[in-house]
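# Observations on the model geometry
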Amino acid sequence: MYKEKDSVAFLLLFFLLFPYLMTVLILGREACPLRRDISLEEYVPAVTASQISWDCSKEAIKVQTVAARSNLYIWQDTEKGDCVIQEAVNYIRKQDMNSFMLEKYQVFLEAARETRGQVLKQNGEVKEIPYHTLSGGKTRDGKEILGEEYSYLPSVDTSMDIESPEYVKGCYFSKKELEDKIKNKYSGFSLDEDMTVEIKDTDSADYVMEIQMGDQEFQGEEVRELLDLPSSCFTVQDLDGEIRFLCMGQGHGLGLSQYTVQQMSLEGKKYEEILSYFFPELTVEALN
């Protein structure tokens, strides 16, 4: 009975405050004379909601909330931070915020409240936390990819990701289609008659580091962006005049794999335990 009343009260309050909240998110704290001291915490639920499926469990959403807060803290008062907030605003504005969606959004507010102020630190320093939807079976080693500064991002087993129906996707390109996509950035690119596409190097998680196409070499992540591939964890085959990129996973493969996070939460793991699994060198601590 009380829970039902609380839910109704929440919805009424949200409808009353929604214009104000959107003004804060869209125009910034200076646009709201009622309160100019809008804190980082006020942005966290919306940013988190734009980064993870609303169908995830609260514990998984808490994991993403701590990651989002850590990143917002690092990026606050920077162009990147402004972009992240604006992306969240655009995402929320596109949603049909009916009573059903408002109830789902309440989980993000609760996750932010129940983890209030918590970030991931190493030796007292807040760390940037990358995330992706689905890995290729294990996450990438931050030190191997980005250098010593990112050694706090270890490669961990995420073989649960293989169970996802979205794990494998084949992307097919004719010679002309592939050339046209690359030419959007490199106007002089052309593929030889043999349609040479050869992987030259991969990292320890089998993500492509270097690939040769024609007489040019590209980084795997760049090819992912140029061809709009779901992942740079792929193999390449020439099939009847078409080039097939067989991609495993979705995203860059660093940091949190949201699919594994969700599966761990469904097994009963708490958000602190999940974060410790992905980042054993980091600790969940409160901001000063």
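By the naming in an unreviewed UniProt entry, the protein is SpoIID/LytB domain-containing protein, taken from Candidatus Blautia avicola.

### Topic: the overall build of the protein
A count of helical and extended segments in the protein gives 10 helices and 11 strands. Each of the 288 residues in the protein was classed as buried or not, and the buried ones make up 47%. The contacts in the protein between residues at least 6 apart in sequence include a share of 66% that link residues at least 24 apart.

### Regarding the packing of aromatic side chains
Taken as a whole and assessed by the stated rule, the structure comprises 11 aromatic pairs. Ring geometry for F189 against F218: centres 5.9 Å apart, planes inclined by 70°, an arrangement best described as edge-to-face. A residue pair is termed long-range when its members are at least 10 positions apart, and F189 in the loop between α7 (175-183) and β5 (197-202) and F218 in strand β7 (residues 216-219) qualify at 29 residues. Judged on exposure class, the residue F189 and its partner F218 are both buried. Ring centres of F234 and F245 lie 5.3 Å apart, and the angle between their planes is 75°; this geometry places the pair in the edge-to-face category. Here F234, found in strand β8 (residues 234-239), pairs with F245, found in strand β9 (residues 242-248); they are 11 residues apart in sequence, far enough to count as distant. Assessed through its relative accessible area of 3%, F234 is described here as buried. When its relative accessible area of 0% is taken as the criterion, F245 is described as buried. Connected via pairs of aromatic rings, a cluster forms that spans W54, Y91, Y105 and F108.

### Notes on the nonpolar core
Of all hydrophobic cores here, the largest spans 31 residues; its most connected members are W54, Y105, I129, L256, L275, F278 and F279. Residue contacts for W54: discarding those within four places in its chain leaves A49, Y91, I92, M97, M101, K104, Y105 and F108. Counting 20 residues, the second-largest nonpolar core is a separate cluster that includes F173, L226, F234 and F245.

### Digging into the sheet that holds strand β1 (residues 118-122)
Across the sheet, three strands lie side by side as β2-β1-β11; this open sheet has antiparallel pairing. Whereas interior strands pair on both sides, the edge strands pair on one side only; in this sheet they are β2 (125-126) and β11 (283-286). Pairing of β1 with β11 involves four bridges; the strand directions are antiparallel. Looking at β11, one finds that L120 is bridged to V284. Contacting β1 and β2, helix α3 (residues 58-75) crosses the sheet at an angle of about 70° to β1.

What counts, and where the lines are drawn
- Residues numbered from 1 in each chain as written.
- Predicted model: local features only at pLDDT ≥ 70, side-chain atom pairs only at ≥ 80, totals over all residues.
- Heavy atoms only, no water.
- Helix = DSSP H or I, 4+ residues; strand = E, 2+ residues; numbered from the N terminus.
- Buried < 20%, exposed > 50% of the residue type's maximum accessible area, 1.4 Å probe, protein only.
- Contact = heavy atoms within 4.5 Å.
- Phe/Tyr/Trp six-rings, centres within 6.5 Å; stacked < 30°, edge-to-face > 60°.
- Core = buried A, V, L, I, M, F, W, Y, C linked by side-chain atoms within 4.5 Å.
- Pairing = 2+ DSSP bridges.
- Axes fitted to C-alpha atoms, helices over the stretch in contact; angles between N-to-C directions.

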